[in-house]
Amino acid sequence: LAPYDRAFLERMLDTYLEALVAHDPARAPFAADAFYAENDQRLPLGDGSWRTLERLGRYRHHFAEPENGLAGVIANAVENGQGCILIATLQMRGREIAWAEQFVIRDPHGAKTYEELGQPDPVWFEPIPPAQRQSREALEAAAWIYFQSLERNDGAGVYPFRDDCERIEHARRTVHQPKVEGYGHSDTATNFITLSAKEQYQLGLMAFVTRIRDRRAAVVDIERGAVLGQSVWDFDGTLESIHFRAGNDWKIPPYFRTPRCHQVTEAFKVINGSFRYIEMTLMEVPFGSRQVVPQRSPTVSLTYAATRPPSQ
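Residues numbered from 1 in each chain as written. Predicted model: local features only at pLDDT ≥ 70, side-chain atom pairs only at ≥ 80, totals over all residues. Heavy atoms only, no water.

(A) Fine view of the overall build of the protein chain. When you go through the protein chain residue by residue, the secondary structure sums to four helices and 14 strands. Here the protein chain, with 312 residues, has 54% of them falling under the buried criterion. Carbon together with sulfur atoms contributes 50% to the accessible area of the protein chain, which is approximately 14200 Å² in total. (Helix = DSSP H or I, 4+ residues; strand = E, 2+ residues; numbered from the N terminus. Buried < 20%, exposed > 50% of the residue type's maximum accessible area, 1.4 Å probe, protein only. Areas by Shrake-Rupley, 256 points an atom, 1.4 Å probe, with all protein chains shown as cover.)

(B) Spotlight on the sheet that holds strand β3 (residues 53–65). Taken together, six strands build an open sheet; the order of strands is β2-β1-β6-β5-β4-β3 and the sheet is mixed. Edge strands, defined here as strands with exactly one partner in the open sheet, are β2 (41–42) and β3. Most of the contacts of helix α1 (residues 6–21) go to β3, to which it runs at about 160°, and overall it touches β1 (30–38), β3, β4 (70–79), β5 (82–93) and β6 (96–105). (Pairing = 2+ DSSP bridges. Contact = heavy atoms within 4.5 Å. Axes fitted to C-alpha atoms, helices over the stretch in contact; angles between N-to-C directions.)

(C) Geometry of the pairing of strand β9 (residues 211–221). A large share of β9 lies buried, amounting to eleven of its eleven residues. Bridging between β9 and strand β10 (residues 226–235) involves eight bridges; their strand directions are antiparallel. By the bridge assignment, Arg216 is partnered in β10 with Gln230. From the end of β9 to the start of β10, which pair antiparallel, there are four residues, and Gly225 there has a positive phi angle of about 65°.

(D) Summary view of the nonpolar core. Ranked by size, the top nonpolar core spans 36 residues in total, and within it Tyr146, Phe161, Phe208, Trp233, Phe268 and Phe275 carry the most contacts. Secondary-structure elements contributing two or more residues to this core are α3 (136–150), β7 (161–169), α4 (197–203), β9, β10, β13 (260–271) and β14 (274–285). For this core, the leading source of residues is α3, giving six residues. In contact with Phe275, not counting residues within four places along its chain, are Ala142, Tyr146, Pro160, Phe161, Arg162, Cys165, Phe268, Lys269 and Val270. (Core = buried A, V, L, I, M, F, W, Y, C linked by side-chain atoms within 4.5 Å.)

(E) Representation of the pattern of salt bridges. Enumeration over the complete set of coordinates arrives at 24 salt bridges. Here Asp14 makes a salt bridge to Arg60, at a shortest N to O gap of 3.0 Å. Here Asp14, found in helix α1, pairs with Arg60, found in strand β3; they are 46 residues apart in sequence, far enough to count as distant. On the accessibility criterion, Arg60 (25% relative accessible area) is partly exposed. For the salt bridge of Arg260 with Glu284, the shortest nitrogen-to-oxygen distance reads 2.8 Å. Here Glu284 lies in strand β14 and Arg260 lies in strand β13, a separation of 24 residues in the sequence. Accessibility expressed as a relative area gives 45% for Glu284, which makes it partly exposed. Several salt bridges converge on common partners, so that one network encompasses Arg6, Glu10, Asp221, Glu223 and Arg224. (Salt bridge = Lys/Arg side-chain N within 4 Å of Asp/Glu carboxyl O.)

(F) Fine view of the sheet that holds strand β8 (residues 172–173). Spatially, the six strands line up as an open sheet ordered β8-β7-β14-β13-β10-β9, and their pairing is mixed. The sheet is open, and its two borders are formed by β8 and β9, each paired with just one other strand. Where β7 meets β14, five bridges bridge the pair, whose relative direction is parallel. When the sheet's bridge partners are listed, Ile168 is paired in β14 with Glu279.

(G) Representation of the packing of aromatic side chains. Under the definition given, this model contains 23 aromatic pairs. Summarising the aromatic geometry, the rings of Tyr146 and Phe275 are spaced 5.5 Å apart at their centres and angled 80° between planes, so their arrangement reads as edge-to-face. Remark: Phe275 occurs in strand β14 and Tyr146 occurs in helix α3; sequence separation between them is 129 residues. For Tyr146, a relative accessible area of 1% puts it in the buried group. By relative accessible area, which is 1% here, Phe275 ends up buried. (Phe/Tyr/Trp six-rings, centres within 6.5 Å; stacked < 30°, edge-to-face > 60°.)

(H) Spatial organisation of the environment of Val21. Position of Val21 among the secondary structure elements: in helix α1. Residue classification places Val21 among the buried residues on the basis of a relative accessible area of 17%. C-alpha separation for the pair Val21 and Leu56, spaced 35 residues apart in sequence, amounts to 7.2 Å. What Val21 contacts, discounting residues up to four positions off in sequence, is Leu53, Glu54, Arg55 and Leu56.

(I) Broad picture of the pairing of β6. Within β6, nine of the ten residues are buried, which leaves the element mostly enclosed by the surrounding structure. Here β1 runs beside β6; their pairing, made up of five bridges, is parallel. When the bridges of β6 are listed, Ala37 appears paired with Glu101. In terms of strand pairing, β5 meets β6 through nine bridges, oriented antiparallel. What sits directly across from Arg93, in β6, is Glu96. Count of turn residues in the β5/β6 antiparallel hairpin: two residues, of which Gly94 carries a positive phi of about 65°.

As structure tokens, then:
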């Protein structure tokens, strides 16, 4: 790999995005054999949303891993007059883009919320003091722990959230909020949105996430203690209710009792092994969907054990 720095990698991301909305891959320095994937499908470069995205929004959150020539961005954009959320990661080879992976999440409300947010919280850009910086392996392990504590969440795991941990989902703040109606799956079961991040995990509410697979740290920004993580969440639909330790039961909504998956991008700000900020985006994909990024083996295989019918 050629030597890289943050400024170069962020410039490559911006060049990529500008080429994307110009509908012209020639405006970015792609290698002749560049690999391109969009929403977990390999496509010819210039196909898919390269034809339809028309302009970028205000929000742009960069991640850079100079050591390995990796870069990523969470942004908002406009496609055919509708807002969308855009996630892109690049692998550089020399001064060329060897591969690009992109997710386009067509959620106009989330895109509007990102547009209103305007920019990431400044905490993301604060450098970790050099003596306290962790290795790529340590930061990758922190992301792994997050996913592991969420898979079949029972409220009894290890949850390394700081008291001041913030979390946003499609730019909407999801912790330490006043009680509101309409917060999806959780507002009828608990005051989920009013709790801290750690208290939310201690509920065991997310037990209906039956597996988190294909976990990877797409970009690890050691200087800032930031990880841009990717994973696929399986909902196999078999869990019907959750019994909380407080003694009450919650009947899981039908949405989570049918087989489906979420393709999840989750960014983590990690300070001394604990989570300070989490930024999540997701989109629904067919059950069993696999990631297609080259040269990255899934961490969990898609091998389902045969399910025996209940005894009669």
